[in-house]
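Geometric and topological summary
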Amino acid sequence: MPLRWRIAALVAVAICAVVAAVGLLVHHASRDRELTQAREAARTTLDRAAVTYARSGTVQGTGASLDAPGVPAGLRDLTARGRQGTEYATDPAGPAMWAARPAGGQVLSVRIDMTTTLRDISALDTSIAWAGALTTAAVLPLGVLSAGRMSRRLRSAAGTARRIAGGDLDARIEAAPRPRDEIAEISTAVDTMAAALQQRLRSEQRFTADVAHELRTPLMGLVTAAELLPEGEAAGYVRNRVRVLAALVEDLLEISRLDAGAEEADLSPSHLGPLLEDITARTGLSVQLVVKNGENGEDGEDREEGEKGEVWTDSRRLERILANLIVNAHRHGLAPVTVTVAADGRTVTVRDHGTGYPDSVLRDGPQRFRTGARERGTGHGLGLTIAVGQAQVIGAALEFANAPDGGAQATLRLPDAEPPIHG
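A few points on the structure. (Residues numbered from 1 in each chain as written. Predicted model: local features only at pLDDT ≥ 70, side-chain atom pairs only at ≥ 80, totals over all residues. Heavy atoms only, no water.)

The next thing to look at is the nonpolar core. In this structure, Leu318, Leu322, Leu325, Leu398, Phe400, Leu412 and Leu414 are the most contacted members of the largest nonpolar core, which totals 30 residues. At the level of elements, helix H6 (272-283), helix H7 (315-332), strand S8 (338-341), strand S9 (347-351), helix H9 (383-393), strand S10 (397-402) and strand S11 (408-413) are the ones that each hand at least two residues to this core. With six residues, the single largest contributor to this core is H7. Among residues more than four places away in sequence, those in contact with Leu325 are Val350, Leu384, Ala387, Leu398, Phe400 and Ala410. (Core = buried A, V, L, I, M, F, W, Y, C linked by side-chain atoms within 4.5 Å. Buried < 20%, exposed > 50% of the residue type's maximum accessible area, 1.4 Å probe, protein only. Helix = DSSP H or I, 4+ residues; strand = E, 2+ residues; numbered from the N terminus. Contact = heavy atoms within 4.5 Å.)

Shown next as structure tokens:
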């Protein structure tokens, strides 16, 4: 149940509880007061009638009766023992307060009718109930409005927190400061946390970029020097390690540019089939390319111009994405590695037949310098991170999964929309 309705229900229940408590208190207080007054009136009338009876032997004109048939049994027993008393009772004539005492072997009694009095108390109870209902009707909308405002503020704070968790560290709630307002305090705390996270992340990004830039120049010299070494096993090993280190530095620089948002796509129309043939060939790795026909869903590479195979994309960045996925499949998976273009002409799947992606990649996505499970091999964990970043630049979606029959499967979905025509 939404918060606003919970608060509204709580307000309604609180009002009803207060009205019920007040109604019960007023009802009992009024009833007790009326009974006390009726009892005192009955006693006074009875005493006067007793004096009249003692003087004249009659009770006419006193409001009392001798041996009245409706006297409650309890009072009859009390007078039989020579005592007097009062009792509230309901008889066929209605509710009444009785007072009785012995008088010359008879029962002298007084009856005070309370029908009107109890009717007035019942009318008071009804008035209290109506007042409670009107109060609830008047206060409840105000409670709903207040609760709705609180709910909107909390939903706004939750939405901003989700945007921050999704990577938008510029998102802020920007709630106006209010004294003794807990929601404003929460909003300020979330904004402060986001600012601190953003500052820390930017510091780490700047550090990574600075380190990569500082290493690039000496590494270029090291690469050149390694190429000048005389041929031999040691020289080959040195050249290989220097190339790996240089590639790592270039990857770090690319990630720094992606983090800083400095990369922009250069979109142009391309056909995926021929483009993927060139990309897979340039990787120099064994790849099975499957291009499905857009009409009957069978494999083939015979699309005519204007069919679904044409997409708007940045071919250089697309090559970077797919090359990283193919290299990752060969490095961490098992052959055969298959690249498939779906029948829609916009979806590309890269699959190996190894142990599949580790749970951490499926759950959280690629993490830099983390390769996941040990059986997936060794590496820096930057290839998939770069692929995800470049996919975002070209507006594509990159998803990671494990195939039902085994193996890691990366699916790249290129955007459907073409760029707007200017002019």
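Before going further, it helps to examine the side chain of Asp314. Considering the arrangement of structural elements, one finds Asp314 in the loop between strand S7 (310-313) and H7. Overall, Asp314 belongs to the buried group, its relative accessible area being 4%. At a separation of 2.8 Å, a polar atom in the side chain of Asp314 contacts the main-chain amide nitrogen of Asp266. Residues within four places of Asp314 in sequence aside, it is in contact with Glu264, Ala265, Asp266, Leu267 and Ile394. (Polar contact = N/O pair within 3.5 Å; in protein donor to acceptor, adjacent residues only side chain to side chain.)

This part covers the sheet that holds S8. Read from one edge of the open sheet, five strands run S6-S8-S9-S11-S10, paired in mixed fashion. Looking at which strands have only one partner, the edges of the open sheet turn out to be strand S6 (288-291) and S10. Strand after strand, the sheet turns through a mean of 15° between neighbouring axes, direction not considered. Taken together, the five bridges between S9 and S11 define a ladder with antiparallel strand orientation. Bridge pairing in S11 links Val348 to Leu412. (Pairing = 2+ DSSP bridges. Axes fitted to C-alpha atoms, helices over the stretch in contact; angles between N-to-C directions.)

Strands sit in the order S1-S4-S3-S2 across an open sheet of four strands; the sheet is antiparallel. Since the sheet does not close on itself, it has two edges, and those belong to strand S1 (64-66) and strand S2 (85-91), each with one partner. Geometrically, the sheet is characterised by an average inter-axis angle of 30° between neighbouring strands, direction not taken into account. Bridge count between S1 and strand S4 (residues 106-113): three bridges; the pairing is antiparallel. Residue pairing across strands places Ala64 opposite Val110, the latter belonging to S4. Packed onto the sheet, helix H2 (residues 73-80) meets S2, strand S3 (94-103) and S4 and runs at close to 10° relative to S3. Contacting S2, S3 and S4, helix H3 (residues 115-165) crosses the sheet at an angle of about 140° to S3.

Before going further, it helps to spend a moment on H2. Taken residue by residue, H2 has Leu75, Leu78 and Thr79 as its buried positions. Around the axis of H2, the buried residues are gathered within 95° of arc, so they sit on the same side. In H2, the exposed positions angled more than 90 degrees off the buried face are occupied by Ala73 and Ala80. For H2, the secondary structure elements touched by its buried residues are S2, S3 and S4. Phi turns positive one or two residues past the end of H2, at Gly82, with a value near 80°. (Arc of directions from axis to C-beta.)

Before going further, it helps to spend a moment on the pattern of salt bridges. All chains considered together, the criterion is met by nine salt bridges. The partner of Glu319 in a salt bridge is Arg282, with the nearest N and O atoms 2.8 Å apart. With Glu319 in helix H7 and Arg282 in helix H6, the pair connects residues that are 37 residues apart, well separated along the chain. Owing to a relative accessible area of 52%, Arg282 belongs among the exposed residues under this scheme. Residue Asp405 pairs with Arg351 through a salt bridge whose shortest N-O separation is 2.6 Å. Placement of Asp405 in the loop between S10 and S11 and of Arg351 in strand S9 is noted, with a sequence separation of 54 residues between them. Exposure remark for Arg351: the relative accessible area of 15% places this residue in the buried category. In the salt-bridge network here, residues are joined through shared partners; they are Asp91, Arg111 and Asp113. (Salt bridge = Lys/Arg side-chain N within 4 Å of Asp/Glu carboxyl O.)

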